[in-house]
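Each chain, written out:
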Amino acid sequence: MPTSTATRPSDDLTRDDRLELYYFARLTRDIEERLAVLYRQNKVVGGLYRSLGQEGESVASAYALAEDDAVAALIRNLGSLIVQGIRPRAVFTQYMAKGTSPTRGRDLNLHFSHIPDAGGPIVVGPISMLGDLVPVMAGVGLGARMRGRALVAMTYIGDGGTSTGAFHEGMNFAAVQKLPLVVIAEDNKYAYSTPVSQQMALARIDQRAEAYGIPHEMVDGNDMLAVYDASRRAVERARHGDGPSLVGVDTMRMRGHAEHDDMRYMSKPLLDAWKARDPIARYHAHLVETEIATETDLAEIDAMSRAYAEAEADLAEAEPPPEPDTVAAGVFAGDHFQPTVEIVYSPFREKRGTPRHAPASEAGS
Amino acid sequence: MAVITYLDAISQGLRDEMRRDENVIVLGEDIAVFGGAFKVTRGFLEEFGADRVIDTPISESGFTGAACGAAVEGLRPVVEFQFADFIACAFDQIVNYAAKNYYRWGIPMPVVFRGPSGGGFRGGPYHSQNPEAWFTHVPGLKVVQPATPYDAKGLLVAAIRDNNPVIYLEHKHLYRRIKEEVPEDDYVVPIGVAEVKREGSDLTIVTYGAMVHESLAVAERLSREGAECEVVDLRSLSPLDRDAFLTSVRKTGRALVVHEAHLTGGFGGEVAAIIAEQAFDALDAPVTRVAALDVPSPFAAQLEDAMLPTEEKIYTAARDVLEY
């Protein structure tokens, strides 16, 4: 069932909220730009998976969550983690396989979790088998409901990932159980090298939801406020017991699958067309046009973001690699494992001294 | 103490844990209203309600993933696969997700995967398999396979309280066939501890699951013929109690490894390798294995009986090892 788009939750965003959204998108891009430099310097271990051109949808969708909701990001959803407060240093240490990374050098890039004992954002780490996180996050919603928490679980899936059986099983399970799940389905035009036309015979990715009888809508994924509005509507439905929703975002992966990918299969006219629709540049222009911010205001945020990303990268670079004799520790629960993910607040939130939304435990029914 | 079946022991252990800990939930196909294909969860829906006893769609991957997610949120789910064969549909979520999470992030994953397994009752290729070796190869998973009602209850309680994913394989052929006295009160059989089910000085039979009973019958028969077998029931395959069978083999000098699963790549190969590596000097005969033929589980009785290890096959192999 296509959902009503009558409400515009973004109308309630304050100036600081709007600037914070810009800052998060900017910081996401700056972290990845810095990672690209480290990659060229051979300091990134393995591949680098950019979200260039998609930062806006990750940031804006996660911004619709409350602070202690749960999010499961895929490798191109760095922006969602930044919104939920994951310190950038953690991301750099992951990419550089440091012994002090959240996984202590056991897993790569955004494959890490942050599951606090009480309060704070819940980040459920991904695995490489796409689709698997959909049932997992349905289960997080099930667990939260049983424990009496009005928590919302959000996860992402690309156009390729929606072809998996796990995606279908997870969506269907969430639908019949009416679980508080929001799935952001990203049509970013390619799954590695395979175009969307070879993933599905549907015109729009959100039509996948028709099979589950749940609300869905399709939005311009490079319009940050549109993504925020659709995500927020879905989050509110989930929080109030109305079950899962799927938000389709129309966007474009502006780089190859990874930095080592020569992109020869990608359509040049398509890339050119989407370059003009860059989500950060568009949002920047919107903020200036609507007189929410001046060019000077935004330049200050740009400088602050770039400096922060560089400082965090430098800190991570100085961290030690893991000790080889730690290899066998922690195969089974019970062995000591010190969590190393630090949650930080943006300058905008620190200024306000409050989370951007009411915590999940106080909201909803 | 009441005499109860293996099936009732599983049911009792599960019910007791659900009464003790409200975070324990069960989910699977046809387990709520119907009480499960084998009735392990009969009456659970009435006692614990639909929030904790969940009938799922036919989607093993889906509800296995959901159980892992619920575990992240602090629950201790017990997943029932209608038959262990169907665990293959959830293989990815178990071996790639549940098994590796603690090593990657330090996040406990207290989920029990119950799989009614084993042959001998004409279930055919998809209702008869013994899939333990699929999982013993995966670091981060615990694998248990009880042979008796006492162990079935005690291992299930231990599995539910464990902070790791546990593959709990219950043998369908033992469900109503094996009875014994089982304490009604709370106890656990620790995971990773084998038990000597019968002492003997001439031959060690290392076994687990349904084959414990066949092996004990062989030991009885050989005893009448003057040879004393020591029967070691592994109970847990991962983690494995190596000392239990190594100590026995060092005493008897002869080892026969018996399981109902296929021979090639079966867990018996691991046991045999450990004995060869660590007790070679003590051996008076080659370590010998008795297992199912390397063929899919056939349906007809004549074929299935020819495929499975039987008391007669174990007896013949035991005689060969004793007379080597």
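What counts, and where the lines are drawn
Residues numbered from 1 in each chain as written. Chains lettered and ligands numbered in written order. Predicted model: local features only at pLDDT ≥ 70, side-chain atom pairs only at ≥ 80, totals over all residues. Heavy atoms only, no water. Contact = heavy atoms within 4.5 Å. Buried area = accessible area lost by both parts, 1.4 Å probe. Salt bridge = Lys/Arg side-chain N within 4 Å of Asp/Glu carboxyl O. Domains from an automatic or database assignment. Polar contact = N/O pair within 3.5 Å; in protein donor to acceptor, adjacent residues only side chain to side chain. Helix = DSSP H or I, 4+ residues; strand = E, 2+ residues; numbered from the N terminus. Nonpolar A, V, L, I, M, F, W, Y, C, P; charged D, E, K, R; others polar. Buried < 20%, exposed > 50% of the residue type's maximum accessible area, 1.4 Å probe, protein only.

S.K.: Before we move on, can you summarise the interface of chain A and chain B with the specific residues and values?
M.R.: Often the size quoted for an interface is simply the accessible area lost on bringing the parts together. Facing the 42 residues of chain A at the interface are 41 residues of chain B. Counting the surface lost from both chain A and chain B, the interface buries some 3300 Å², and carbon and sulfur atoms represent 65% of this. Taken together, the connections running from chain A to chain B amount to 2 salt bridges. With its nearest N and O atoms 2.5 Å apart, the salt bridge here joins Asp107(A) to Arg104(B).

S.K.: Quick rundown of the domain arrangement of chain B? Include the residues and the values.
M.R.: Residues and elements named next belong to chain B. Once the domains are mapped, chain B shows domain 1 (2-182) and domain 2 (195-323). The straight-line distance from the C-alpha centre of domain 1 to that of domain 2 is 26 Å. The interface formed by domain 1 and domain 2 contains 4 salt bridges. In this structure, Asp305 and Arg122 form a salt bridge, with 2.9 Å as the shortest nitrogen-oxygen distance. Across the contact surface, domain 1 and domain 2 share 14 residue pairs in polar contact (both at pLDDT 80 or more). Listed by contribution, the elements that provide at least two residues to the side of domain 1 that touches domain 2 are α6 (132-136), β6 (142-144) and α7 (149-161). For the side of domain 1 that touches domain 2, the per-class residue count stands at 11 nonpolar, 11 polar and 5 charged.

S.K.: Before we move on, can you summarise the pattern of salt bridges with the specific residues and values?
M.R.: This model, assessed by the stated rule, comprises 49 salt bridges over all chains. One salt bridge connects Arg8(A) with Asp11(A), and the closest N-O pair in it is separated by 2.9 Å. Between Arg114(B) and Glu170(B) there is a salt bridge, with its nearest N and O atoms 2.8 Å apart. A residue pair is termed long-range when its members are at least 10 positions apart, and Arg114(B) in strand β5 (residues 112-117) and Glu170(B) in strand β7 (residues 166-171) qualify at 56 residues. Arg114(B) sits in the buried class, given a relative accessible area of 1%. Exposure remark for Glu170(B): the relative accessible area of 0% places this residue in the buried category. A single network of salt bridges, built from pairs that share partners, joins Asp151(B), Glu195(B), Lys197(B), Asp233(B) and Arg235(B).

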